Amino acid sequence: IGCQLASNVEVSYRKATNPIEAAEAASRSFGKLSGQVVDGLKQIIFNFSQVSNQVAGPVAIVAVGAEAAKTDATGIFQFAAIVNINLALFNVLPIPALDGGYLALLAVEALRGGKKIPTMVEQGIMGSGFVIMLGLGLILIVRDTFNLVH
């Protein structure tokens, strides 16, 4: 549905001399980017009133991606990594209609001793989550488009 856009930092790169060094550098970069995404999600969850104007939908994300593509290949790869990490973490949050919502329902079933949640209740929970996500997505698309034009 969205991500928080933050200013970039200047990054310097050094070419790896062997595959192991490349894997270590990739691991460190992944850890650092994942930490930044987690920090951003924490700010959205715990400080939403102050960062709500920085939450962006697909239109703004594409606009930022287009700007990243203008710089160099490294910028677009890093941007793609951030978007993918953000989507992965957002997807496992216990929000109905996302994978995390299904995991939450499975946890509830486990706490109930394996007793299945009625299908109509599960569909109602997931359906309402889908409608809310769709509504938020549409709001962000309209807001981002308006901001892009003006």
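See the structure printed just above.
As the structure is a prediction and not an experimental result, all values here were calculated from the model.

The rules behind the values
- Residues numbered from 1 in each chain as written.
- Predicted model: local features only at pLDDT ≥ 70, side-chain atom pairs only at ≥ 80, totals over all residues.
- Heavy atoms only, no water.
- Helix = DSSP H or I, 4+ residues; strand = E, 2+ residues; numbered from the N terminus.
- Contact = heavy atoms within 4.5 Å.
- Axes fitted to C-alpha atoms, helices over the stretch in contact; angles between N-to-C directions.
- Parallel < 35°, antiparallel > 145°, perpendicular 65-115°, else oblique.
- Nonpolar A, V, L, I, M, F, W, Y, C, P; charged D, E, K, R; others polar.
- Buried < 20%, exposed > 50% of the residue type's maximum accessible area, 1.4 Å probe, protein only.
- Expected span 1.5 Å × (residues − 1).
- Arc of directions from axis to C-beta.
- Core = buried A, V, L, I, M, F, W, Y, C linked by side-chain atoms within 4.5 Å.

S.K.: For this particular structure, what's the right way to read the environment of Pro96?
M.R.: For Pro96, the location among the structural elements is in the loop between helix H4 (73–91) and helix H5 (99–111). C-alpha separation for the pair Pro96 and Thr71, spaced 25 residues apart in sequence, amounts to 37 Å. Dropping the residues within four chain positions of it, Pro96 is found in contact with Gly101, Ile125, Met126, Gly129, Phe130 and Met133.

S.K.: How do you make sense of the packing of helix H3 (residues 58–71) against H4 when you look at a structure like this?
M.R.: At a minimum axis separation of 7 Å, H3 and H4 run at an interaxial angle of 150°. Between H3 and H4, the crossing angle belongs to the class labelled roughly antiparallel. Across the interface between the two elements, Ile61, Val64, Gly65, Ala68, Ala69 and Thr71 from H3 touch Gly75, Ile76, Phe79 and Val83 from H4. Residue composition of the contact of H3 with H4, by class: 7 nonpolar, 3 polar and no charged.

S.K.: I'm lost on unusual backbone geometry in this one. Help?
M.R.: Residues other than glycine predominantly adopt negative phi, and peptide bonds predominantly adopt the trans conformation. Here Ala97, not a glycine, exhibits a phi torsion of approximately 85°, which is positive. Topologically, Ala97 is positioned in the loop between H4 and H5. The exposure class of Ala97 is partly exposed, given its relative accessible area of 29%.

S.K.: Just checking my understanding: could you explain H3 for this structure?
M.R.: For an α-helix, 3.6 residues make a turn, and residues three or four places apart therefore share a direction. Taking 1.5 Å of rise per residue, 14 residues should cover 20 Å, and H3 covers 20 Å from first to last C-alpha, within 8% of that figure. Restricting attention to buried positions, one finds in H3 the residues Ala60, Ile61, Gly65 and Ala68. Projected down its long axis, H3 shows its buried positions confined to an angular sector of 140°, all on one face. For H3, the exposed residues set more than 90 degrees away from the buried face come down to Val62 and Lys70.

S.K.: It is not clear to me how the nonpolar core should be interpreted in this structure. Could you clarify?
M.R.: Ranked by size, the top nonpolar core spans 7 residues in total: Leu33, Val37, Leu41, Ile85, Phe90, Leu98 and Met133. Secondary-structure elements contributing two or more residues to this core are helix H1 (19–46) and H4. Tallying contributions element by element places H1 first for this core, with 3 residues. Setting aside residues up to four positions removed in sequence, Leu98 forms contacts with Phe90, Asn91 and Met133.

In short, shape yes, function no, at least from these values alone.
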